[in-house]
Amino acid sequence: MSQCMWSCSPWPKHGGQAEALLAHFSLPADHRLEDFSANLNPLGPPAWVSDWLVKQLADIERYPAPDYSAARQAIAAHHHLQPEQVLLTNGGAEAIFIAAALHAGKRAAIITPSFGEYARACFAHRLSVAELALPAPHFTLDIDSLLAGLNGIEVLFLCRPNNPTATLIDISAMEALLDHTAAIGCHVIVDEAFIDMVGKPPQQASLAPLLARYSHLILLHSMTKFYTLPGLRLGYMLADTAAIKAAESHQPAWSVNHLAAELVAPLLKDDAFARRTQRWLASERPRMSQALSELGVDVVPSQACFFLIRPGAEQRAAGLSSDMLFERLLHQGVLVRHTHNFAGLDGEWLRVALRDEPANRRLVAALKKVLHDCLR
Ligand SMILES: Cc1ncc(COP(=O)(O)O)c(C=O)c1O
């Protein structure tokens with residue numbers, strides 16, 4: 001995959017980046033925008049976090065504890081693992097790059113469409129990349145064709161639930177995949193950045209219990225999505241102790257700052273916040289799924305805190321594209337996520353984040369108006 005794909009496009013690489021988009025579409029820099037492009041938990045961060053951070057500020061004059069033992073113990077207890085199976089990272093993004101570094105120079109495959117950082121990390125660490133495409137419009141995995149496509153592959157990256165499709169490969173398919181990859185000597189790296197949004201208790205949704213059976217499995221987590229801390233950066237890797245030891249050697253010393261590292265244990269203890277988030281997802285996700293479908297757009301069933309949508313068949317036949325929808329929504333003050341840099345989507349779809357109910361209703365109203373104006 002060439003580097004140009006990531007650097008030559010007029011579309012920004014990630015969500016947000018409103019300034020660049022406003023300039024690109026010749027809108028004034030102070031045009032008001034509501035952001036549905038970044039897939040973060042709208043209920044966070046937990047209310048106590050800012051006071052807590054202020055209290056910790058005195059300690060920034062010291063280096064963080066080099067092995068982050070309190071944070072590792074808290075994460076290990078959360079997943080019923082040993083602290084030696086945990087590497088604390090500077091966001092899920094650092095965990096992705098360390099996972100690629102562990103397999104530098106190998107033949108990788110990525111299940112696409114998916115988060116672009118896997119391809120960037122592979123490029124940075126000289127892995128060759130094959131794409132194994134999930135077919136539109138449902139993006140569900142056919143396990144037999146996946147297994148057939150793994151010949152010669154030494155490491156597989158996949159995201160569960162997947163960004164941007166919000167689909168989840170079920171545990172039985174994952175077990176079949178892990179049995180097969182163990183037999184052919186292919187490592188499996190599963191990004192669980194959105195696993196806490198699935199709606200089941202994390203113990204049932206995460207593959208962490210499978211680490212005891214599969215030493216070729218590596219799990220990557222982000223705490224910035226669920227706890228809404230993207231500016232602080234917090235993530236981790238789970239794997240067997242040998243893989244974690246090897247991973248440590250690829251991480252710069254003190255990679256995670258003191259404030260983020262100290263925050264891990266209190267965040268994981270905040271059951272009330274987790275329950276509130278689950279309640280919001282359980283009511284708002286089906287409500288929005290239905291509200292979007294009623295507008296006639298195609299909606300991929302979501303197991304995460306965002307939806308992949310595109311104009312429905314009739315709307316496409318009438319000449320409406322996702323690019324047009326994106327631009328018209330921008331004019332209406334709504335920023336959604338384009339999909340031009342998701343392999344296999346090529347801008348044909350849009351990703352919209354789930355926010356709180358009043359914001360979601362504003363999104364549906366804006367979409368309704370745009371669809372009406374475009375199709376009348
Ligand atoms: C699937 C996936 N994994 C990892 C990350 C990176 O998360 P973090 O902000 O914790 O680095 C993202 C961010 O968008 C993501 O979508």
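This text gives an overview of the structure that appears in the document. Everything quoted here is computed from the prediction, not taken from an experiment.

Conventions we followed
Residues numbered from 1 in each chain as written. Predicted model: local features only at pLDDT ≥ 70, side-chain atom pairs only at ≥ 80, totals over all residues. Heavy atoms only, no water. 1 Å grid on protein atoms, 1.4 Å probe; cavity = no way out; pocket = protein on both sides within 12 Å on 5 of 7 lines; lining within 4 Å. Points joined across faces, edges and corners; volume = space filled by probe spheres on them. Helix = DSSP H or I, 4+ residues; strand = E, 2+ residues; numbered from the N terminus. Nonpolar A, V, L, I, M, F, W, Y, C, P; charged D, E, K, R; others polar. Domains from an automatic or database assignment. Salt bridge = Lys/Arg side-chain N within 4 Å of Asp/Glu carboxyl O. Buried < 20%, exposed > 50% of the residue type's maximum accessible area, 1.4 Å probe, protein only. Near = heavy atom within 4 Å. Polar contact = N/O pair within 3.5 Å; in protein donor to acceptor, adjacent residues only side chain to side chain. Areas by Shrake-Rupley, 256 points an atom, 1.4 Å probe, with all protein chains shown as cover.

1. Looking at empty space enclosed by the protein
For the structure shown, the criterion picks out 4 cavities of 30 Å³ or more. Along its surface, the second largest cavity is lined by His-78, His-79, Asp-196, His-221, Ser-222, Met-223, Phe-226, Tyr-227, Tyr-236 and Leu-268. Of all the secondary-structure elements, those providing two or more residues to the lining of the second largest cavity are helix H4 (69-79) and strand S7 (217-222). Taken together, the residues of the lining of the second largest cavity sort by class into 5 nonpolar, 4 polar and 1 charged.

2. Quick notes on the layout of surface pockets
The calculated volume of the second largest pocket comes to roughly 270 Å³. Along the wall of the second largest pocket there are 19 residues; nearest its centre are Thr-140, Leu-141, Thr-167, Leu-168 and Ile-169. The residue inventory of the lining of the second largest pocket, partitioned by class, reads 12 nonpolar, 6 polar and 1 charged. Each of domain 1 (18-39 + 273-375) and domain 2 (49-269) contributes no fewer than three residues to the lining of the second largest pocket.

3. With respect to unusual backbone geometry
Along the chain, Thr-112 connects to Pro-113 via a cis peptide bond; the corresponding omega equals 0°. In the segment running from Asn-163 into Pro-164, the intervening peptide bond is cis, with an omega of 20°. Residue placement: Pro-164 occurs in the loop between strand S5 (155-159) and helix H8 (171-184). Positive phi values are uncommon outside glycine, yet Arg-126 reaches one of about 60°. Within the secondary structure layout, Arg-126 lies in the loop between helix H6 (117-124) and strand S4 (128-133). A positive phi angle is found at Phe-139, which is not glycine, with a value near 55°.

4. What about the pattern of salt bridges?
Going through the model one piece at a time under the given rule, you end up with 13 salt bridges. Here Glu-117 makes a salt bridge to Arg-120, at a shortest N to O gap of 3.1 Å. Note that Glu-117 and Arg-120 are positioned in helix H6 at a spacing of 3 residues, about one turn of the helix. Residue Glu-117 is classed as buried on the basis of its relative accessible area, which comes to 7%. Taking the relative accessible area as the measure of exposure, Arg-120 reaches 28% and is therefore partly exposed. Between Glu-357 and Arg-361 there is a salt bridge, with the nearest N and O atoms lying 2.6 Å from each other. With Glu-357 and Arg-361 both in helix H15 (residues 357-375) and 4 residues apart, the pair spans about one turn of that helix. For Glu-357, a relative accessible area of 34% gives the class partly exposed. Residues joined in a network through salt bridges with shared partners are Asp-298, Arg-310, Arg-316 and Glu-348.

5. Remarks on the site of the ligand
The environment of the ligand is formed by 16 residues, the closest being Asp-191, Ser-222, Thr-224, Lys-225 and Arg-233. At a separation of 2.7 Å, an oxygen atom of the ligand approaches a polar side-chain atom of Ser-222. In this structure, Thr-224 approaches the ligand through a side-chain N or O atom, which is 2.7 Å from an oxygen atom. Across the complex, the protein chains shield 91% of the 400 Å² of accessible surface that the ligand would expose by itself.

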